[in-house]
Amino acid sequence: MGDPLRFRDDPAPDEPGVSLDAFLNQKDATSVLLEAGDDVRALLPELGRVRLVEIDFPRFRDGRGFSSASILREAGYTGEIRAIGDVLVDLVFFMRRCGFDSFEPDAPFHPGAVDAALSRYPDVYQSATDGREPIWALRHPQFAAE
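Rules and cut-offs
Residues numbered from 1 in each chain as written. Predicted model: local features only at pLDDT ≥ 70, side-chain atom pairs only at ≥ 80, totals over all residues. Heavy atoms only, no water. Helix = DSSP H or I, 4+ residues; strand = E, 2+ residues; numbered from the N terminus. Rg over C-alpha atoms; globule rule 2.2 N^0.38 Å. Buried < 20%, exposed > 50% of the residue type's maximum accessible area, 1.4 Å probe, protein only. Contact = heavy atoms within 4.5 Å. Areas by Shrake-Rupley, 256 points an atom, 1.4 Å probe, with all protein chains shown as cover. Pairing = 2+ DSSP bridges. Axes fitted to C-alpha atoms, helices over the stretch in contact; angles between N-to-C directions. Phe/Tyr/Trp six-rings, centres within 6.5 Å; stacked < 30°, edge-to-face > 60°. Lys NZ or Arg CZ within 6 Å of the ring centre and 35° of its normal.

- As annotated in an unreviewed UniProt entry, the chain carries the name DUF934 domain-containing protein and is attributed to Sphingomonas immobilis.

### Let's talk about the overall build of the chain
Moving on, step 1. Summing up its helical and strand segments, the chain has 5 helices and 6 strands in all.
Moving on, step 2. Tracing the chain from N to C terminus, the helices and strands come up as β-β-α-β-β-α-β-α-β-α-α.
Moving on, step 3. Taken against the 2.2 N^0.38 rule, which gives 15 Å for 146 residues, the C-alpha radius of gyration of the chain at 16 Å falls within 12% of a compact globule.
Moving on, step 4. Considering the chain as a whole, with its 146 residues, one finds that 38% of them fall into the buried category.
Moving on, step 5. When contacts within the chain are restricted to residue pairs at least 6 apart in sequence, long-range pairs at least 24 apart make up 50% of them.
Moving on, step 6. Here the chain has roughly 8,400 Å² of accessible surface; of this, 52% comes from carbon and sulfur atoms.

### What to know about helix α2 (residues 64-74)
Moving on, step 1. Among all positions in α2, only G65, F66, S68, A69, S70, L72 and R73 are buried.
Moving on, step 2. Here the buried face of α2 lies against β4 (52-57), β5 (80-85) and α3 (92-98).
Moving on, step 3. With its phi angle positive at about 100°, G76 sits one or two positions after the end of α2.

### Regarding the pairing of strand β6 (residues 102-105)
Moving on, step 1. In β6, alternate side chains face the same way, and those of S102 and E104 on one face and F103 and P105 on the other are all buried.
Moving on, step 2. Sheet topology note: the strand β1 (residues 5-6)/β6 ladder contains 2 bridges and is antiparallel. Paired with R6 across the two strands is S102, which belongs to β6.
Moving on, step 3. Note: β5 against β6, 4 bridges, orientation parallel. Each residue of the ladder has a partner; that of G85, found in β6, is P105.

### Looking at the sheet that holds β1
As a general point, the strands of a sheet are linked pairwise by backbone hydrogen bonds and lie either parallel or antiparallel.
Moving on, step 1. A sheet is described by the order of its strands in space; here 6 strands give the open sequence β1-β6-β5-β4-β3-β2, paired in mixed fashion. In this open sheet, the two strands that pair with only one neighbour each are β1 and β2 (18-19).
Moving on, step 2. Summarising the sheet, β4 and β5 pair through 6 bridges and their orientation is parallel. By the bridge assignment, D56 is partnered in β5 with I84.
Moving on, step 3. Contacts from α2 reach β4 and β5, with the element oriented near 160° to β4.

### What to know about the packing of aromatic side chains
Moving on, step 1. Tallying each qualifying case throughout the model produces 8 aromatic pairs.
Moving on, step 2. When the ring of F100 is compared with that of F103, the centres are 6.4 Å apart and the planes differ by 35°; the resulting orientation is tilted. The residues F100 and F103 share a single accessibility class, namely buried.
Moving on, step 3. Put simply, the rings of F7, F57, F66, F100, F103 and F109 touch in pairs and so form one group of aromatic residues.
Moving on, step 4. The ring of F23 carries the charged tip of R49 above its face, separated from the ring centre by 3.9 Å.

What follows is the structure in structure tokens.
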């Protein structure tokens, strides 16, 4: 694997992620690797010391990582969330909406395919952690949340 695709301006963390159990038992660890099935909520009390959360996708059809990223962002985590493993370029748009800001797929993305995936949908239909305004709120601002 090469360098991760990042959508951040800060320096990339250089500490490899440790398992969730190891992270919770090591008070000096700053990077954690969440495997499919790990309960991300166990990490919430420790978010102040986390620089990088790597979320593993063992198979592209395993969507639990989307929920983990959303939970972290909704809890106020502003550090890097990296999708690793069987990550498809077709899902990058949706992963960005859930809070992923870096990617390290098993098979490298073609840069043109990433650009196409990110620009495919000019409008969104529901709220997400990326803060984009849903199309219904743009069309009907009187019904948008206050």
